[in-house]
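# Coordinate inspection notes
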Number of protein chains: 2
Amino acid sequence: MNLNDFSVSHTEGKARAGLLKTSRGYVETPVFMPVGTAATVKAMTPESLKTIGSQILLCNTYHLMIRPGEKVVNHLGGLNKFMNWSGPILTDSGGFQVMSLSKLRQLDENGVTFRSHIDGKKFLLSPEGSIRIQETLQSTIIMSFDECMPFPVEKKLAEKSMKLSSRWAERSKVSFTGANGSMLFGIQQGGMFKDLREQSALCLNNIGFDGYAIGGLAVGEPQEKMFGVLNYSTDFFPKDRPRYLMGVGKPSDIVGAVLRGIDMFDCVIPTRSGRNGQAFVQDGIINLKNAKHKFDEKPIDKNCSCYCCSNYSRGYLSHLVRCNEILGSMLLTLHNLYFYTNLMKKIRELIQRGDFTAFAKNFAT
Amino acid sequence: MNLNDFSVSHTEGKARAGLLKTSRGYVETPVFMPVGTAATVKAMTPESLKTIGSQILLCNTYHLMIRPGEKVVNHLGGLNKFMNWSGPILTDSGGFQVMSLSKLRQLDENGVTFRSHIDGKKFLLSPEGSIRIQETLQSTIIMSFDECMPFPVEKKLAEKSMKLSSRWAERSKVSFTGANGSMLFGIQQGGMFKDLREQSALCLNNIGFDGYAIGGLAVGEPQEKMFGVLNYSTDFFPKDRPRYLMGVGKPSDIVGAVLRGIDMFDCVIPTRSGRNGQAFVQDGIINLKNAKHKFDEKPIDKNCSCYCCSNYSRGYLSHLVRCNEILGSMLLTLHNLYFYTNLMKKIRELIQRGDFTAFAKNFAT
């Protein structure tokens with residue numbers, strides 16, 4: 001298997017189980033990527049991430065260009081050495097965060113000028129700039145620079161924005177050097193409109209990328225709408241390349257998206273929920289702040305074999321959460337990421353056995 | 001060696017190296033006890049504490065009686081099971097925190113009535129109540145209930161308070177049942193006055209305790225004053241019992257106190273400093289927030305073999321601290337506790353070899 005190659009080993013309907021070979025090692029798909037915004041998955045050590053089975057992390061270009069700056073990361077050996085994580089790292093392009101976090105942004109054909117949400121310092125992000133920054137960070141998988149529209153959006157605007165993103169995808173590809181053995185992924189846009197999604201994909205296919213992401217979803221639309229778009233949007237991409245649904249999602253989002261042909265995911269839900277005192281269990285989410293857990297000797301999930309469930313009661317975790325103790329965030333983040341990692345492992349095994357469709361129908365978390 | 005026995009194996013001047021046998025295992029002295037206020041050493045797992053060599057922890061009765069309440073801890077199996085720490089745990093009596101943290105407190109012969117700093121709820125702490133709560137928590141080493149005076153304080157007040165603490169020590173002893181194989185320590189008071197310290201100690205010796213603590217120090221007095229009191233106050237206690245200096249301290253405080261015959265210490269400095277971005281090194285403290293560390297590839301201490309120094313640069317740690325990332329608190333707390341644990345190990349070895357006095361003279365951190 002060549003570097004940066006992807007092979008699908010099993011399919012069940014549109015669902016695929018596969019293997020991605022990156023310059024930093026193999027990734028079994030479908031895969032969930034924990035979010036390490038500022039070059040740290042909040043409240044986790046890299047060793048813990050390895051222990052629970054994480055294969056690849058996501059870091060945010062927007063945050064890292066602002067703090068500490070890509071030159072600092074590069075000087076300190078690149079993202080992997082910087083954050084002590086030897087596996088693959090995917091960086092987003094910064095486009096999404098510029099839209100959601102920055103101040104006083106101004107967008108034109110060239111790119112986006114914005115002020116940092118931290119100290120108001122002025123920055124420019126363009127396709128060329130984003131790729132250069134991601135290469136300076138020494139990311140394993142680099143995302144092309146795109147514009148992400150909110151939901152809902154009128155078709156005319158969605159079309160205009162998709163076409164801009166297509167031109168930016170082209171410029172991203174041109175400026176990508178492939179240094180460090182990195183891969184480059186393109187990002188499909190086009191809102192909730194099938195013809196626009198198709199146009200976007202055709203354009204990306206013509207440019208040619210190592211993988212294809214579906215952007216512009218998980219922006220506030222109901223799950224039904226998202227699945228509606230996924231019903232057709234994966235079909236426009238070549239079967240031999242990985243497909244990545246950005247920013248998704250809840251466990252049921254992931255299961256439904258795998259069913260529709262998605263291979264890669266990232267989301268802050270497991271980590272952020274953990275810091276908010278919420279824990280994932282088979283049939284939903286439990287809130288440890290709830291008074292009913294105060295005297296509860298049971299672990300979060302008696303069938304879970306993570307470090308948290310093996311050693312701590314709901315009563316203790318509830319106490320930690322009420323006291324805002326850091327250990328509460330550490331233990332619940334670990335449990336939630338273990339839950340997600342195990343869900344993906346189960347999904348892969350079910351696809352390999354041909355039992356995934358039946359499982360997905362009854363999945364409701 | 002019997003349960004709750006203490007044996008001094010080596011002495012060098014007043015400095016002692018010894019072994020304390022508790023119901024939860026052995027403790028080599030001199031020892032530093034990390035502070036786990038709310039039944040968690042902030043930002044550390046119990047496994048990490050074991051890995052760096054921590055032998056015994058301190059928890060705060062005041063905090064635990066307020067949240068989650070001693071009955072919750074007892075219901076969930078006692079402090080050890082509650083917090084997943086199998087080694088010994090010392091609990092303070094709550095007296096110090098009532099004075100420093102609570103609101104609207106009222107002190108009389110019986111005890112202290114106060115309102116919680118969390119929700120204003122009314123509580124009463126008396127010698128009998130404090131012992132009952134500590135036994136309900138299933139603490140390994142229980143502290144008698146005392147009044148702690150601020151610095152400076154007039155002799156008349158110091159004397160009156162010391163006499164109250166002596167009567168409370170007697171009541172603490174009477175109400176102590178020794179359930180769970182716990183030990184009970186008495187606390188010397190008497191401010192900066194030699195005759196009062198002597199009277200206090202004589203009174204405690206007559207009552208008879210498993211160990212003796214020196215209270216009323218580390219309350220804002222200069223190091224010189226503290227050492228002045230320690231120069232005589234340890235001499236009033238029996239040689240075959242452990243001596244514990246409460247709330248101390250900086251590394252140089254500890255070294256100077258061991259030189260004066262102290263065996264046990266606790267302090268929030270290593271953990272709190274870690275959460276504030278400060279790291280202990282051989283010749284002092286470095287502040288990771290300082291801009292000069294931004295591009296620094298070096299670890300905090302190239303001679304330190306802790307997990308933090310083995311894997312992370314000052315530049316990365318500086319980044320984490322600036323971003324208020326939880327991992328920054330986790331790594332710096334771990335390093336600082338490792339520094340303290342290693343200092344104590346070195347002190348024990350130096351006493352065993354007879355080289356401690358020379359070391360202490362040149363110690364300045």
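Reading the values: rules and limits
Residues numbered from 1 in each chain as written. Chains lettered and ligands numbered in written order. Predicted model: local features only at pLDDT ≥ 70, side-chain atom pairs only at ≥ 80, totals over all residues. Helix = DSSP H or I, 4+ residues; strand = E, 2+ residues; numbered from the N terminus. Rg over C-alpha atoms; globule rule 2.2 N^0.38 Å. Buried ≥ 20, exposed ≤ 12 C-beta atoms within 10 Å, placed from the backbone. Contact = placed C-beta atoms within 7 Å. Axes fitted to C-alpha atoms, helices over the stretch in contact; angles between N-to-C directions. Parallel < 35°, antiparallel > 145°, perpendicular 65-115°, else oblique. Left-handed = near helix turned anticlockwise from the far one by under 90°. Least-squares fit on C-alpha atoms with pLDDT ≥ 70 in both. Pairing = 2+ DSSP bridges. Domains from an automatic or database assignment. Nonpolar A, V, L, I, M, F, W, Y, C, P; charged D, E, K, R; others polar. Expected span 1.5 Å × (residues − 1). Core = buried A, V, L, I, M, F, W, Y, C linked by C-beta atoms within 7 Å.

## What to know about the overall build of chain A
A count of helices and strands for chain A gives 15 helices and 16 strands. Taken against the 2.2 N^0.38 rule, which gives 21 Å for 365 residues, the C-alpha radius of gyration of chain A at 20 Å falls within 12% of a compact globule. In chain A, which comprises 365 residues, the share counted as buried stands at 56%. The long-range fraction of contacts in chain A, counting pairs at least 24 apart against all pairs at least 6 apart in sequence, stands at 66%.

## Comments concerning the packing of helix H6 (residues 127-137) of chain B against helix H7 (residues 155-175) of chain B
Residue and element names in this part refer to chain B. Across the interface, H6 lies against H7 with an axial gap of 8 Å and an inter-helix angle of 40°. It follows that H6 is oblique to H7 by the angle criterion. Our pair here, H6 against H7, has a crossing hand that is right-handed. Note on element contacts: H7 touches H6 through Trp 168, Arg 171, Ser 172 and Ser 175, opposite Pro 127, Glu 128, Ile 131 and Arg 132.

## Considering the relation of the copies chain A and chain B
Expressed as a screw transformation, the operator carrying chain A onto chain B has a rotation angle of 180° and an axial translation of 0.0 Å, and the superposed copies differ by an RMSD of 0.0 Å. A rotation of that kind, with that shift, is consistent with a two-fold axis. Considering only C-alpha atoms, the part of chain A nearest the rotation axis is A:Ile326, at 3.7 Å. Mapped onto chain B, 100% of the interface residues of chain A again fall at the interface, so both copies present the same surface.

## Examining the sheet that holds strand E9 (residues 122-125) of chain A
The strands making up a sheet associate through backbone hydrogen bonding, with each pair oriented either parallel or antiparallel. All names here are of chain A. Read from one edge of the open sheet, three strands run E7-E8-E9, paired in antiparallel fashion. Each edge of the sheet is formed by a strand with only one pairing partner; in this case those strands are strand E7 (103-107) and E9. The mean angle between the axes of side-by-side strands here comes to 15°, regardless of whether they run parallel or antiparallel. As paired elements, E7 and strand E8 (residues 112-115) share three bridges and run antiparallel to each other. Residue Gln 106 lies in a different strand from E8, and its bridge partner there is Thr 113.

## Concerning the pairing of strand E9 (residues 122-125) of chain B
Residue and element names in this part refer to chain B. Note: strand E8 (residues 112-115) against E9, four bridges, orientation antiparallel. Following the sheet pairing, Phe 114 is matched in E9 by Phe 123. The antiparallel pairing of E8 with E9 creates a hairpin that spans six residues between the two strands, and Gly 120 there sits at a positive phi of about 75°.

## Examining the sheet that holds strand E2 (residues 15-22) of chain A
All names here are of chain A. Across the sheet, three strands lie side by side as E1-E2-E3; this open sheet has antiparallel pairing. Because the sheet does not close on itself, it has two edges, and the strands there are strand E1 (6-12) and strand E3 (25-29). When the angles between neighbouring strand axes are averaged without regard to direction, this sheet yields 10°. Pairing geometry for E1 and E2, over six bridges, is antiparallel. If you follow Phe 6 over to E2, its bridge partner there is Leu 20. Across the sheet, helix H14 (residues 326-353) lies against E1, E2 and E3, angled at about 120° from E2, the strand it touches most.

## Describing the domain arrangement of chain A
Residue and element names in this part refer to chain A. Partitioning chain A into structural domains gives domain 1 (6-267) and domain 2 (281-357). Here the C-alpha centroids of domain 1 and domain 2 sit 27 Å apart. Taken together, the contact between domain 1 and domain 2 spans 22 residues of the former and 19 residues of the latter. Among the secondary structure elements, those contributing two or more residues to the side of domain 1 that touches domain 2 are E1, E2, strand E4 (31-34), helix H1 (46-52) and helix H10 (251-259). Of the residues forming the side of domain 1 that touches domain 2, the biggest block, four residues, is contributed by H10. Among the residues making up the side of domain 1 that touches domain 2, the classes are represented as 13 nonpolar, five polar and four charged.

## What to know about unusual backbone geometry
All names here are of chain A. Going from Thr 29 to Pro 30, the amide bond is cis rather than trans, its omega being 0°. Locating Pro 30 in the fold gives a position in the loop between E3 and E4. With omega at 5°, the peptide bond leading from Arg 67 into Pro 68 counts as cis. Considering the arrangement of structural elements, one finds Pro 68 in the loop between helix H2 (61-66) and helix H3 (70-75). The backbone of Asn 180 shows a phi angle near 65°, a positive value even though the residue is not glycine.

## Things to note about helix H13 (residues 314-322) of chain B
Buried residues dominate H13(B), accounting for eight of its nine residues. In this structure, the buried side of H13(B) is in contact with H3 and helix H4 (78-83) of chain A together with helix H14 (326-353) of chain B. Positive phi appears at B:Asn324, one or two residues downstream of H13(B), with a value of about 50°.

## Comments concerning the packing of helix H7 (residues 155-175) of chain A against helix H8 (residues 194-207) of chain A
Residue and element names in this part refer to chain A. Across the interface, H7 lies against H8 with an axial gap of 10 Å and an inter-helix angle of 10°. Between H7 and H8, the crossing angle belongs to the class labelled roughly parallel. Where H7 approaches H8, its residues Ala 158, Glu 159, Met 162, Ser 166, Ala 169, Glu 170 and Lys 173 are matched on the opposing element by Leu 196, Gln 199, Ser 200, Cys 203, Leu 204 and Ile 207. Across the contact of H7 with H8, the residue classes tally to seven nonpolar, three polar and three charged.

## Regarding the interface of chain A and chain B
Each partner contributes residues to the interface: chain A has 30 residues there, and chain B has 30 residues. Looking at the side of chain A that touches chain B, the elements with two or more residues in it are H3, H4, helix H13 (314-322) and H14 of chain A. The leading source of residues in the side of chain A that touches chain B is H13(A), at five residues.

## Some remarks on H14(B)
Residue and element names in this part refer to chain B. Taking 1.5 Å per residue as the helical rise, H14 with its 28 residues ought to reach 40 Å, and the 41 Å between its terminal C-alpha atoms agrees with that figure. Most of H14 is tucked away: 22 of the 28 residues are buried. The first or second residue beyond H14 is Gly 354, which carries a positive phi of 80°.

## Focus: the environment of B:Lys298
Residues and elements named next belong to chain B. Along the chain, Lys 298 turns up in the loop between strand E16 (284-287) and helix H12 (307-311). Taking the C-alpha atoms as reference, Lys 298 lies 8.1 Å from Tyr 312; in sequence the two are 14 residues apart. Apart from the residues within four sequence positions on either side, Lys 298 is in contact with Ser 313 and Arg 314.

## Remarks on the pairing of strand E2 (residues 15-22) of chain B
Residues and elements named next belong to chain B. Counting buried residues along E2, six of its eight residues qualify, which places the element largely inside the surrounding structure. Taking the residues between adjacent antiparallel strands as the criterion, strand E1 (residues 6-12) and E2 are bridged by two residues, where Gly 13 takes a positive phi near 60°. Sheet topology places E2 next to strand E3 (residues 25-29); five bridges connect them, and they run antiparallel. Of the residues in E3, the one forming a bridge with Leu 20 is Val 27. Connecting E2 to the antiparallel partner E3 that follows it, the hairpin turn spans two residues.

## Remarks on the nonpolar core
If you look at the biggest cluster of nonpolar residues, it comprises 211 residues, and the most contacted ones within it are A:Phe185 and B:Phe185. Apart from residues no more than four positions distant in its own chain, A:Phe185 is found in contact with A:Ile141, A:Met143, A:Ser144, A:Phe209, A:Asp210, A:Gly211, A:Tyr212, A:Ala213 and A:Tyr244.

## So, the environment of B:Asn287
Looking at the element boundaries, B:Asn287 is found in strand E16. Discounting residues that sit within four places of it in the chain, B:Asn287 has contacts with B:Gly277 and B:Gln278.

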